[in-house]
Amino acid sequence: MAVTILFLGPLRDLAGQQTMEVEAPLNWSGLLEAVRPEVAGQLGEQRVNVACAGKVLADKTELQAEDGDEVALLPPVSGG
Amino acid sequence: MIRAIVLEEALDPGKELAVLTANAAGAGGLVNFVGLAREEGGRVAELVLEHHPVLTQRSLDEIAGAAVERFAVTAVSVVHRVGSIQPDEPIVFAGAAARHRREAFLAADYLMDMLKTRAVFWKREEGSDGTRWIEPRNEDLSDAARWHGSKKKEITR
């Protein structure tokens, strides 16, 4: 089993892929190492959020993804 | 009624208005807003709305639920398109019914401010000059910030 990283919106363009599988468990520093430096740079910005297993994390640096979890990287949202 | 829908096919504002009217439950009136895709003088060929299968629906549920908590409304409806949208096509329907008009106007205004800044969508314009991702404008963020603070029903009549 693994953790699936999901790149959304403009982060998908930056990552060059929609999803990526990495070994579980995955924490914040592991996430920063797993993704491209350009994406890691964006993750450092406050306006980019991270969701784990369907929940947006209040503090993304406390990411603890387990086997089978989806880690979604969420750039600034805009509807309407 | 609380209606919060992520819609993959064409949005019919007339139908949505009829649904809201039919479910207004003793309201004295209702207000609705319909957002359209801009063509920006022919520069934009299509608007593409991307979403997340779980987080997007939840964000709409939360926004609609918060409006019901905050305002004296009898019904709230938020219907938002995803996928490819042509210029001038409807993207969003936001409506609220209330016993008195002020609460309905406020709730609809609130819904749109939250949709612009909190709803989980990523919007890109595809056009003659390539792809452009759209983020909330500063104006959208300051509009949304007006609602910070008390979640209590502010106006009661």
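Coordinates for the structure precede this section.
Residues numbered from 1 in each chain as written. Chains lettered and ligands numbered in written order. Predicted model: local features only at pLDDT ≥ 70, side-chain atom pairs only at ≥ 80, totals over all residues. Heavy atoms only, no water.

**Some words on the sheet that holds strand β4 (residues 73-81) of chain B**
Adjacent strands of a sheet form backbone hydrogen bonds with each other and so pair up, either parallel or antiparallel.
All names here are of chain B.
Okay, step 1: A sheet is described by the order of its strands in space; here four strands give the open sequence β1-β4-β6-β2, paired in mixed fashion. In this open sheet, the two edge strands, each paired with only one partner strand, are β1 (2-7) and β2 (29-36). On average, adjacent strands in this sheet sit at an angle of 5° to one another, irrespective of strand direction.
Okay, step 2: With seven bridges joining them, β4 and strand β6 (residues 90-98) adopt antiparallel strand pairing. Across the sheet, residue Val 79 finds its bridge partner in β6, namely Phe 93.
Okay, step 3: Contacting β1, β2, β4 and β6, helix α1 (residues 13-22) crosses the sheet at an angle of about 20° to β6.
Okay, step 4: In the packing of helix α2 (residues 55-70) onto the sheet, contacts are made with β1 and β4, and the angle to β1 comes to roughly 155°. (Pairing = 2+ DSSP bridges. Helix = DSSP H or I, 4+ residues; strand = E, 2+ residues; numbered from the N terminus. Axes fitted to C-alpha atoms, helices over the stretch in contact; angles between N-to-C directions. Contact = heavy atoms within 4.5 Å.)

**A word on helix α3 (residues 101-117) of chain B**
All names here are of chain B.
Okay, step 1: Taking 1.5 Å of rise per residue, 17 residues should cover 24 Å, and α3 covers 25 Å from first to last C-alpha, within 8% of that figure.
Okay, step 2: Turning to α3, its buried residues number three or more, namely Glu 103, Ala 104, Ala 107, Ala 108, Tyr 110, Leu 111, Met 112, Asp 113, Met 114, Leu 115 and Thr 117.
Okay, step 3: On the buried face of α3, the contacting elements are β2, α2, β4, β6 and α4 (138-145). (Expected span 1.5 Å × (residues − 1). Buried < 20%, exposed > 50% of the residue type's maximum accessible area, 1.4 Å probe, protein only.)

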